[in-house]
Amino acid sequence: MTSIFKVPLFSAETAGQGLDLPGVLRAVIDSQRYVLGTQVLAFEAAFAAYVGVRHAIGVANGTDALEIALRSLGVKPGEGVVTVANAGFYGSTAIRAIGAQPLYVDVDEYTLNLSPSALAQVLSIKPVKAVIATHLYGQLADMAAITDLCRAAGVALIEDCAQAHGARRAGRLAGAWGDVACFSFYPTKNLGALGDGGAVVTDNAELANRVRALRQYGWGNKYEVVCDGGRNSRLDELQAAVLSAKLPLLDTVNAQRRAIGARYSAALADLPLRAHPVFGDDHVAHLYVVRSAQRQQLRDHLDARGIASDVHYPIADHRQPVHLGAYAGEHLPVTEAACQQALTLPCFPGMTDAQVEQVIFAVREFFKG
């Protein structure tokens, strides 16, 4: 489908990076094995090796990955799980699915990731079973501080790596810090399938075995249910084959994303908006997000010039109607300001120099005339 925008937010035409994806799919079709076969096993092994952990288990999508991770850690109904409220409600969906209680904490003013100081405060005053640390927009959270806090408190740590495939700090990748980590392979992700897909990764063999059981009805052996809360959440062979083909290109496409982000930040630095100024190895530029008090006016201006944009994310989790006012007294000032000001600009592999310059020109035009 052709975009109505001269500069789309994402281009499916470049997502394959020149790979023969029809050939990849044909090989799976010819094998006549579509669920939990050799393609899934091969991708699980390759992805675990890439992340730097012993186990990767393919599941149906990233939200299932979070729910299954919580169940694998033994989180029970009513128990508290710390999470942020500015990341699209995906963590909240998983927490609520098992009847646990979301405990929302504010985010860092600079990265918009989980604030270690806010985490320390809630760990000191509330009973917490687990913490979900989301690497928002492709930026690795302060995992050294967060890991130390969770270990000191005896609390399980889950990484939500859905937007941070390949982000690393001191050689340690997103997904290799927590007790367990979750990935999404939705098509727009840095490592994206041709549909939904996800994975849970861990260094812990016992957790890995629980996850494998939980993704397939709670089975130990076939038809023998050994884990309560099991479900049907399996990564398809077709998607696993696509992901295996694209995985060797991940660091290259991340570098392309970083380069676009760096160009934006340099060109927009003098404008009255907030953007991430540095794109090092710990930021894979899944999204390029600016913050402006004139968000809607800027978005209308871009739209009029054929440039797509989006808002990630407009409603803080604790303000979602589904909570029915349960968090009416909760105030997370940095989170709430970000939800009101964040605007996502196009940033994707295969984006042309001309498209990048169009975006830069239009944003500068809005502020400078």
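Heads up: these notes are all about the structure in this document. (Residues numbered from 1 in each chain as written. Predicted model: local features only at pLDDT ≥ 70, side-chain atom pairs only at ≥ 80, totals over all residues. Heavy atoms only, no water.)

## Quick look at helix 9 (residues 250-268)
Inference 1: With 19 residues, helix 9 extends 27 Å from end C-alpha to end C-alpha; this agrees with the ideal 27 Å at 1.5 Å per step.
Inference 2: Those residues of helix 9 not exposed but buried are Leu-250, Val-253, Asn-254, Arg-257, Arg-258, Ile-260, Gly-261, Tyr-264, Ser-265 and Leu-268. Down the axis of helix 9, the sector holding all buried residues measures 160°, keeping them to one side.
Inference 3: On its buried face, helix 9 is in contact with helix 2 (38-51), helix 8 (237-246), strand 11 (288-291), strand 12 (342-345) and helix 12 (353-368). (Helix = DSSP H or I, 4+ residues; strand = E, 2+ residues; numbered from the N terminus. Expected span 1.5 Å × (residues − 1). Buried < 20%, exposed > 50% of the residue type's maximum accessible area, 1.4 Å probe, protein only. Arc of directions from axis to C-beta. Contact = heavy atoms within 4.5 Å.)

## Focus: the packing of helix 10 (residues 295-304) against helix 12
Inference 1: Taken N-terminus to C-terminus, the directions of helix 10 and helix 12 make an angle of 130°; their axes are 10 Å apart at the nearest point. Viewed along their axes, helix 10 and helix 12 adopt a mutual orientation that is oblique. For the crossing formed where helix 10 meets helix 12, the hand is right-handed. On helix 12, the residues touching Gln-297, Leu-298, His-301 and Leu-302 of helix 10 are Ala-362, Val-363, Glu-365, Phe-366 and Phe-367.
Inference 2: A breakdown of the residues in the contact of helix 10 with helix 12 according to their chemical character gives six nonpolar, two polar and one charged. (Axes fitted to C-alpha atoms, helices over the stretch in contact; angles between N-to-C directions. Parallel < 35°, antiparallel > 145°, perpendicular 65-115°, else oblique. Left-handed = near helix turned anticlockwise from the far one by under 90°. Nonpolar A, V, L, I, M, F, W, Y, C, P; charged D, E, K, R; others polar.)

## Here we look at the sheet that holds strand 10 (residues 274-275)
Inference 1: Pairing is antiparallel in the open sheet, where three strands are placed in the order 10-11-12. Looking at the sheet topology across the chains shown, the edges are occupied by strand 10 and strand 12.
Inference 2: With two bridges joining them, strand 10 and strand 11 adopt antiparallel strand pairing. Directly across from Arg-274, in strand 11, lies its bridge partner Arg-291. (Pairing = 2+ DSSP bridges.)

## Some words on the environment of Asp-20
Inference 1: Turning to its location among the elements, Asp-20 is positioned in the segment before helix 1 (21-31).
Inference 2: Sequence spacing of Asp-20 and Val-242 is 222 residues, and the spatial spacing of their C-alpha atoms is 9.6 Å.
Inference 3: In this structure the side chain of Asp-20 is engaged in a polar contact, spanning 3.1 Å, whose partner is the backbone nitrogen of Gly-23. (Polar contact = N/O pair within 3.5 Å; in protein donor to acceptor, adjacent residues only side chain to side chain.)

## Examining the environment of Ala-130
Inference 1: Relative to the helices and strands, Ala-130 is located in strand 4 (residues 130-134).
Inference 2: Judged by its relative accessible area of 0%, Ala-130 is buried.
Inference 3: Placed 25 residues apart in sequence, Ala-130 and Val-155 show a C-alpha to C-alpha distance of 5.3 Å.

## Overview of the state of the cysteines
Inference 1: Under the defined criterion, the tally for this structure stands at zero disulfides.
Inference 2: Lacking any disulfide linkage, Cys-347 is separated from the closest cysteine sulfur, that of Cys-161, by 19 Å.
Inference 3: The exposure class assigned to Cys-347 is buried, which follows from its relative accessible area of 4%. (Disulfide = S-S within 2.5 Å.)

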